[in-house]
Amino acid sequence: MTAAGGAAMIVLDRVDKRFGDHYAVRDLSFAVAKGEIVAIVGRTGAGKSTALHMIMGVMPPSAGTVRVEGLDPYADFKALKGKLSVSFQTDRLLPWRTAWENVALGLQIMGRDAPTRRAEAIRWLENVKITGAENVAKYPHQLSGGMRQRVSLARALAVDPELVLLDESFSQLDHVTSKALRSDFTELVRRVKKTCVLITHRIDDALEMADRVIVLAAPARLALEVRVRPEDRADPAWLRDRHRRIAEAMGGEEAPAEEVADGLRH
Ligand SMILES: Nc1ncnc2c1ncn2[C@@H]1O[C@H](COP(=O)(O)OP(=O)(O)OP(=O)(O)O)[C@@H](O)[C@H]1O
Ligand SMILES: [Mg+2]
């Protein structure tokens, strides 16, 4: 059982990750329940991506244990294949494939036949609000940044993973595009009952999207945990207070790159 009271999808127990003498993650423990959306926030270099990489199974911890559905994601990489999918800050779409072909790629790897792949890909694009024969047949360079990120999220969900991991998937978009995509994405993840861990350096995004916010301070030490109930999200005083506490625990909030740029321009 986890703190959230459900069966655990992810468990990190006293995890260290060292690169040479440098600790990127130190003595980190937390659990994520099935169906939970957890945001990990922290300043640059706090160890957020390193923690995510260990959950993805691309690297083992130096000490401690990482479990995803009870399996070691590094040693049991094959067993977890298809149960876990990832989306990043940049969309990483294949430029020579159309929107639907990009989404269909994972389904192809899973061995679905061609008509099923196309139908499923188009259904997932509709779920992220990319509709119409013309749009689903566009190549990445013909789509806006926000639409490309939508395709990338559709691709992550199309393989029907148990667990979706996002590393700053919304941070390169302008505020309006990012906000629309964030709310569409969380609504969709809740509807299809997936577990999601998302990394962001924006406190407001974390409070808006997640059931729980985990705050990391370098080296990936758990500095604070905040549970967010739906009614809290609608309470400006509660949000202001938690925003302040999270910023303190992080050691100061990071200004998103475009806000810094805007500040310089004005
Ligand atoms: N493969 C690696 N080899 C050596 N050092 C690394 C490696 N990956 C990460 N680090 C170091 O570990 C620390 C944590 O890095 P990490 O990428 O996890 O931070 P982060 O919280 O994701 O930061 P950002 O917000 O900038 O993405 C940093 O000091 C980084 O330089
Ligand atoms: Mg990172």
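Thresholds, definitions, all that
- Residues numbered from 1 in each chain as written.
- Chains lettered and ligands numbered in written order.
- Predicted model: local features only at pLDDT ≥ 70, side-chain atom pairs only at ≥ 80, totals over all residues.
- Heavy atoms only, no water.
- Helix = DSSP H or I, 4+ residues; strand = E, 2+ residues; numbered from the N terminus.
- Rg over C-alpha atoms; globule rule 2.2 N^0.38 Å.
- Buried < 20%, exposed > 50% of the residue type's maximum accessible area, 1.4 Å probe, protein only.
- Contact = heavy atoms within 4.5 Å.
- Areas by Shrake-Rupley, 256 points an atom, 1.4 Å probe, with all protein chains shown as cover.
- Salt bridge = Lys/Arg side-chain N within 4 Å of Asp/Glu carboxyl O.
- Pairing = 2+ DSSP bridges.
- Axes fitted to C-alpha atoms, helices over the stretch in contact; angles between N-to-C directions.
- Near = heavy atom within 4 Å.
- Polar contact = N/O pair within 3.5 Å; in protein donor to acceptor, adjacent residues only side chain to side chain.
- Domains from an automatic or database assignment.
- Buried area = accessible area lost by both parts, 1.4 Å probe.

Another point: the overall build of the protein. From N to C terminus, the protein includes eleven helices and nine strands. For 266 residues, the compact-globule estimate of 2.2 N^0.38 gives 18 Å, and the C-alpha radius of gyration of the protein, at 18 Å, lies within 12% of that figure. Once the C-alpha set of the protein is aligned to its principal axes, its extents read approximately 50 × 50 × 40 Å. By residue count, 48% of the 266 residues in the protein fall in the buried class. Of the contacts made within the protein by residues no fewer than 6 positions apart, 69% connect residues no fewer than 24 positions apart. Carbon and sulfur atoms provide 52% of the accessible area of the protein, an area that totals close to 12,500 Å².

Our focus in this paragraph is the pattern of salt bridges. Side-chain pairs of opposite charge can arise whenever the charged atoms involved come near each other. Applying the stated criterion across every chain, the model contains 25 salt bridges. Asp91 is the partner of Arg148 in a salt bridge, and the nearest nitrogen-oxygen pair spans 3.0 Å. Of this pair, Arg148 sits in helix α6 (residues 145–158) while Asp91 sits in the loop between β5 (84–87) and α3 (99–109), placing them 57 residues apart in sequence. Given a relative accessible area of 24%, Arg148 falls into the partly exposed group. Using a relative accessible area of 15% as the deciding quantity, one classes Asp91 as buried. Taken together, the salt bridges that share partners define one network made up of Lys179, Arg182, Arg202, Asp205 and Glu208.

Reading across the sheet, the six strands line up as β5-β6-β7-β3-β8-β9 and stay open at both edges, with mixed pairing between neighbours. Edge positions in the sheet fall to β5 and β9 (221–227), since each has one partner strand and no second. Across the sheet, the mean angle from the axis of one strand to that of its neighbour is 20°, orientation sign disregarded. Where strand β3 (residues 37–41) and strand β7 (residues 195–200) come together, five bridges link them in parallel fashion. Its bridge partner lying in β7, Ile37 is registered against Cys196. Contacts between helix α1 (residues 48–56) and the sheet are confined to β3, β5, β6 (163–167), β7 and β8 (212–217), with β6 contributing the most and set at about 155° to the helix.

Let us now look at the site of ligand 1. Close contacts around ligand 1 come from Phe19, His22, Ala24, Arg43, Thr44, Gly45, Ala46, Gly47, Lys48, Ser49 and Thr50, and that covers them all. Thr44 has a polar side-chain atom sitting 2.3 Å from an oxygen atom of ligand 1. Side-chain polar atom of Thr50 to an oxygen atom of ligand 1: 2.6 Å apart, as the coordinates give it. Burial of ligand 1 by the protein chains amounts to 58% of its free accessible area of 630 Å². Residue assignment for the shell around ligand 1 shows that the elements contributing at least two residues are β2 (22–33) and α1.

Attention now goes to the sheet that holds strand β4 (residues 63–68). Sheet strands associate in pairs through backbone hydrogen bonding, adopting either a parallel or an antiparallel arrangement. What the three strands build is an open sheet, ordered β2-β1-β4; its pairing is antiparallel. Whereas interior strands pair on both sides, the edge strands pair on one side only; in this sheet they are β2 and β4. Taking each pair of neighbouring strands and ignoring which way they run, the sheet shows an average axis angle of 20°. Note: strand β1 (residues 8–19) against β2, eight bridges, orientation antiparallel. Bridged to Ala8 within β2 is Ala33.

For the protein, the domain assignment lists domain 1 (34–57 + 71–83 + 163–266) and domain 2 (93–160). A separation of 24 Å is found between the C-alpha centroids of domain 1 and domain 2. Tallying the contact residues gives 16 residues for domain 1 and 13 residues for domain 2. When the two sides are added together, the surface that domain 1 and domain 2 hide from each other amounts to roughly 1,200 Å², 67% of it contributed by carbon and sulfur. Sorting the residues of domain 1 by area buried against domain 2 places Leu181, Asp184 and Leu188 first, and these three jointly supply 37% of that buried surface.

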